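Each chain, written out:
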Amino acid sequence: MPQALAERHLSFLSDIAPKMRRRTASVFPVRRARGSSLDEAAHFLGINPENKRLGYTQLLNRHLRTTGTARGFERALDAITAELLAGPAIDYQHRRETLATWTLEPENWQHMLTQLPDLTHHREPISGDRRRLAVSAYIWTRVTEGEPDFAPCPPHIAQDPQLRAVWTRERHNVFHWLRKADHQPYYGALKPLLEDHAKQLAETIDRTGSSTLPVPAARTTLASSP
């Protein structure tokens, strides 16, 4: 579910954490459309952990019953569905599949770094390859409207528990500083570059309809041709 829709229609569920209410509400329209169970709908969306039931849907159902907001939730789902049907048809599943093994190209990452201001404090520079993989996860969330927790680990480190743990930690750090970008000039300069790259990727994936991602055309965030 696009973040903007969740914020617009689900804010009345203020006792439920924003991530949980967005994640939970996402499965209900899918169940409506596919005639499946909530677990199957969540699996379709890529948000159902293996061999685990959706405990957070039970939390929401209990909250709706105790607060008498079940009817309001149904109306919110109707409004969300109407907006989705009225807007452009975006295949987020196809975007996820296309980016399942993707990482930001090293040359594009280096080109982004040349556009960032010098660090004025002792914080560790973000030029390392670990940070490239971490910002890849951020771009993935922007293209797919997904959450950081569901960003796919790069396949060349996914089977190594130690490397996967490092990647998870770096991903957390990068998302933390990007959320504070308004107060961090370094990340404030990086964030629009990542957003622009995500926009290019989304346009390329939607335009080609192929599961093989072509290299996007060069813009300010992409490495220039030699």
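Quick note: structure is the one above.
Thresholds applied
Residues numbered from 1 in each chain as written. Predicted model: local features only at pLDDT ≥ 70, side-chain atom pairs only at ≥ 80, totals over all residues. Heavy atoms only, no water. Core = buried A, V, L, I, M, F, W, Y, C linked by side-chain atoms within 4.5 Å. Buried < 20%, exposed > 50% of the residue type's maximum accessible area, 1.4 Å probe, protein only. Helix = DSSP H or I, 4+ residues; strand = E, 2+ residues; numbered from the N terminus. Contact = heavy atoms within 4.5 Å. 1 Å grid on protein atoms, 1.4 Å probe; cavity = no way out; pocket = protein on both sides within 12 Å on 5 of 7 lines; lining within 4 Å. Points joined across faces, edges and corners; volume = space filled by probe spheres on them. Nonpolar A, V, L, I, M, F, W, Y, C, P; charged D, E, K, R; others polar.

A.B. asks: What am I meant to see in the nonpolar core here?
C.D. replies: In globular proteins that are soluble, nonpolar side chains generally tend to be buried together. Counting residues in hydrophobic clusters, the biggest one holds 34 residues, and the most contacted among them are I139, V143, L190 and L194. For this core, the secondary structure elements donating two or more residues are α7 (106-113), α8 (129-144), α9 (155-158), α10 (161-179) and α11 (185-208). Once you skip the residues sitting within four places of it in the chain, L194 turns out to touch M112, V135, Y138, I139 and L178.

A.B. asks: Can you walk me through the layout of surface pockets in this structure?
C.D. replies: Using a probe with the size of a water molecule, rolled over the atoms, empty space left in the structure can be pinpointed. If you add up the space inside the largest pocket, you get close to 1300 Å³. Lining the largest pocket are 39 residues, with M1, L45, Y92, Q93 and R96 positioned closest to its centre. For the lining of the largest pocket, the elements supplying multiple residues, two or more each, are α2 (18-34), α3 (38-45), α5 (70-86), α6 (92-98) and α8. Here the lining of the largest pocket gets seven residues from one element, more than from any other, and that element is α2. The residue inventory of the lining of the largest pocket, partitioned by class, reads 20 nonpolar, nine polar and 10 charged. Reported here for the second largest pocket is a volume of approximately 460 Å³. Forming the walls of the second largest pocket are 17 residues, and the residues nearest its centre are Q3, R142, G146, P148 and F175.

All we've got here are geometric facts, nothing functional implied.
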